[in-house]
Amino acid sequence: MSTPLTLFDKLWSSHEIVQRDGESLLWVDRHFVHEGSFHAFSRLAERGAAVAEPALTFGVADHYVPTRGRGKPIPNPEIARMVSQLDKNAADQNITLFGLKDRRQGIVHVVGPELGLTLPGLLIVCGDSHTSTHGAFGAYAFGIGASEVAHVLMTQTLWQKKPKRMRITVDGKLSEGLGAKDIALAIIANIGTDGASGHAIEFAGSAIRALSMEGRMTLCNMAIEAGGRCGIVAPDATTFDYLKSREFTPTGAAFDKAMQDWGELKSDAGANFDYEVSIDATAVAPFVTWGTSPEDALPIDASVPDPTLESNPERAKYIRGAIDYMGLAPGKKLTDIAIDRVFIGSCTNARIEDLRAAAAILANRVSKVPGLVSPGSSSVKRQAEEEGLDRLFRDAGLEWADSGCSMCVGINGDLVASGERCASTTNRNFRGRQGVGARTHIMSPAMVAAAAVSGHLADMRPLMARKS
Amino acid sequence: MEKFTRITATACPLPAENIDTDQILPARYLKLPRKGEHGKVLFQDLRFDADGHERPDFPLNRAPWRNAKIIFGGRNFGGGSSREAAVYALFDYGIRCVIAPSFGDIFSQNATKNGLLTAVVTEADGGALTEALTQEPALGVTVDLGQQTIVCGDLHFHFTIDPARRTRLLNGWDDIDLTESFRSEINAFKAANLKQRPWTVPTQAT
Ligand code: SF4
């Protein structure tokens, strides 16, 4: 009898070309590039090399694109250069580009799945750590640095050491209104930002099966914040339904063959994992972060930790530093933390379902603080407008903008001012992430909406209950 | 790529947890082309205040550590963004080795591709090293990749590193040349893959 294999083992072996010195040379099925990939294109130019497989390479303009004034020239010349440099590199190398003017433009980790370029069983890379998002489809997807991007451009392959196998099982039913973001923050708070270091994470269990594709993408997006090499969910009927009639989803005989192959993409009964973690979904509460790392997450009814109660001196020092940066006091109730603005966007939580969840709380209410809503892609934007969600955001006093990375990282100019506190649907609350001195609290879209209408961090559940 | 075999240099302790790549190189400098000048903006917002003045309490701004070639960091050093420019910043500043209890995975991979050693030590050995460097800041630290040892005064301990990364650093290998030597295997894989999994090549629906 053959040894039972994990889903990850299967993904790994189907891409292995050769082994050498404890590493394997892997074939890359899909490579996404963005404006930030310019270092790798320079490397290519230095060698006088061409992209090995342009048909497997796709470009997306997202990190630097303006979210206002589309159609007009980009006012900041440096930003304009970053966007036009990608246009040029893609054109020179025959790469299909979803550029600033393309109606399919959006954040790379939203666009790939929505166009059917992200499929189960693929090995997908991109010079961006949140490439883990694509694992939601049962793909092996991970972020790489510029040297590796250059290597993939030139060879369509990558040297990798096989990560260990980890399974995080989330069983039970989430309370109403809670979602993948709460599960992700609960996991990271539990295992830490290096908890899954060196591991490929498979998310399993009834709570994961119950998630939509949007939810699974949010969860796999955050796998990197737990230190994981990648996050994967085995494909099932939810996955196949999502993929039907997307622009690049295989058709005809190729689709039938694909479905046959995709049916094998699950961990066999009795397969061995190096590390297993279980989470009880019924115990997950709405989570928010208080500090400067995604592991600094607590249920909304908790208080800012007190470093004097921490026994580990390094940890106490870290807590003190984080509280100081965030302008908080030990023991302060999280619901007493007043905010200055909100941001709804990013590859974590700006898909249609996320916008619906936020809009449901904002409907017939007014935001007490200013805020920006940047849909995950131009398609998401059109869909939201068809559903009238843009009206709900605008009527609540928030700005409805175009799609891009926007205030998640601020390099297009959408910044949080120094000292300002922002409730954000993004994935990183690092120091200065949204701007020098900016203070970020990350949470789900519904929780950001609740913070907006309350003017402080707040539990969204009473706001939901009052409506029904 | 520059080889790494062994160095003896001043080591700057920076033992805070979760020093992510956004701290090492803030996003607004990601536009910089590679000209060997990323070192100027290394730890920009930790090293300098809003007016561009040095923060005197930041370790790299202090006399013995200003010219450090080794950084001793805390848990999850280099976590977060995949930006390789964080490694360029450390390297261009003159850092050749970072010692820490754990590293961001992509950061470590990027470091290896640029001749920067990421040495993993236990929390206990790390604590002893911090202690020694606090007592005697100018104490030289020797990191030997062949032996996988760190020596600092009376302290002598081992570090871990992935064997393949170690070989790469010791030899200063360029991956592309190595990969090209497997060209026929790659071509064979590509052809077989096209037959077995034709659906992996995207074709646009019409
Ligand atoms: S939205 Fe944020 S996390 Fe996602 S790819 Fe863009 S910058 Fe990275």
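Residues numbered from 1 in each chain as written. Chains lettered and ligands numbered in written order. Predicted model: local features only at pLDDT ≥ 70, side-chain atom pairs only at ≥ 80, totals over all residues. Heavy atoms only, no water.

### Description of the pairing of strand β15 (residues 341-344) of chain A
All names here are of chain A.
- Covered by surrounding structure in β15 are Arg341 and Phe343 together with Val342 and Ile344, the residues of both alternating faces.
- Sheet analysis places β15 next to strand β16 (residues 371-373), joined by three bridges and oriented parallel. By the bridge assignment, phenylalanine 343 is partnered in β16 with leucine 372.
- Crossover β15 to β16 through helix α12 (residues 352-362) is right-handed. (Buried < 20%, exposed > 50% of the residue type's maximum accessible area, 1.4 Å probe, protein only. Helix = DSSP H or I, 4+ residues; strand = E, 2+ residues; numbered from the N terminus. Pairing = 2+ DSSP bridges. Right-handed = clockwise from strand over helix to strand, strands pointing away.)

### Focus: the pairing of strand β9 (residues 164-171) of chain A
Residues and elements named next belong to chain A.
- As paired elements, β9 and strand β10 (residues 199-204) share six bridges and run parallel to each other. Note that in β10 the partner of isoleucine 168 across the bridge is phenylalanine 203.
- Note that the unit made of β9, helix α6 (residues 180-191) and β10 has a crossover that is right-handed.
- With six bridges joining them, β9 and strand β12 (residues 275-280) adopt parallel strand pairing. Looking at the pairing, valine 170 lines up with isoleucine 279 of β12.

### Quick look at the interface of chain A and chain B
- Facing the 73 residues of chain A at the interface are 61 residues of chain B.
- Put simply, chain A and chain B have 12 salt bridges between them.
- One salt bridge in this structure joins aspartate 162 of chain B and lysine 161 of chain A, with 2.8 Å as the shortest N-O distance.
- Taken together, the links from chain A to chain B amount to 31 residue pairs in polar contact (both at pLDDT 80 or more).
- Only β1 (16-20), β2 (23-27), α2 (38-47), α3 (77-92), α5 (146-155), β8 (157-160), α10 (252-262) and α11 (313-326) of chain A provide two or more residues apiece to the side of chain A that touches chain B.
- The element best represented in the side of chain A that touches chain B is α5 of chain A, accounting for seven residues.
- When grouped by side-chain class, the residues that make up the side of chain A that touches chain B number 30 nonpolar, 16 polar and 27 charged. (Contact = heavy atoms within 4.5 Å. Salt bridge = Lys/Arg side-chain N within 4 Å of Asp/Glu carboxyl O. Polar contact = N/O pair within 3.5 Å; in protein donor to acceptor, adjacent residues only side chain to side chain. Nonpolar A, V, L, I, M, F, W, Y, C, P; charged D, E, K, R; others polar.)

### A closer look at the domain arrangement of chain A
All names here are of chain A.
- In terms of domain boundaries, chain A breaks down into domain 1 (7-262) and domain 2 (288-467).
- Here domain 1 and domain 2 have C-alpha centroids that lie 24 Å from each other.
- Contacts between the two partners involve 40 residues from domain 1 and, on the opposite side, 43 residues from domain 2.
- Between domain 1 and domain 2 lies a buried interface of about 3400 Å² when both sides are counted; carbon and sulfur atoms form 54% of it.
- Contact with domain 2 buries surface across domain 1, with Thr67, Ile107 and Lys181 losing the most and accounting together for 19% of the total.
- Connecting domain 1 to domain 2 are three salt bridges.
- Note that arginine 68 is salt-bridged to glutamate 399, the shortest N-O span being 2.8 Å.
- Summed over the shared surface of domain 1 and domain 2, the number is 27 residue pairs in polar contact (both at pLDDT 80 or more).
- At the level of elements, α4 (108-114), α6 and α8 (213-221) are the ones that each hand at least two residues to the side of domain 1 that touches domain 2.
- Along the lines of polarity and charge, the residues of the side of domain 1 that touches domain 2 split into 14 nonpolar, 15 polar and 11 charged. (Domains from an automatic or database assignment. Buried area = accessible area lost by both parts, 1.4 Å probe.)

### Examining the nonpolar core
- Counting residues in each nonpolar core, the largest one holds 180 residues, and the members touching the most others are Phe203 and Phe393 of chain A together with Phe43, Phe77 and Leu90 of chain B.
- Residue-level mapping places this core at the junction of two domains, with at least three residues from each of domain 1 (7-262) and domain 2 (288-467) of chain A.
- Each residue touching phenylalanine 393 of chain A, except ones within four places of it in the same chain, is listed here: Ile344, Leu355, Ala358, Ala359, Leu362, Val373, Leu398 and Trp400 of chain A.
- Listed in part, the 24 residues of the second largest apolar core include Ala9, Ile99, Leu145 and Ile161 of chain B. (Core = buried A, V, L, I, M, F, W, Y, C linked by side-chain atoms within 4.5 Å.)

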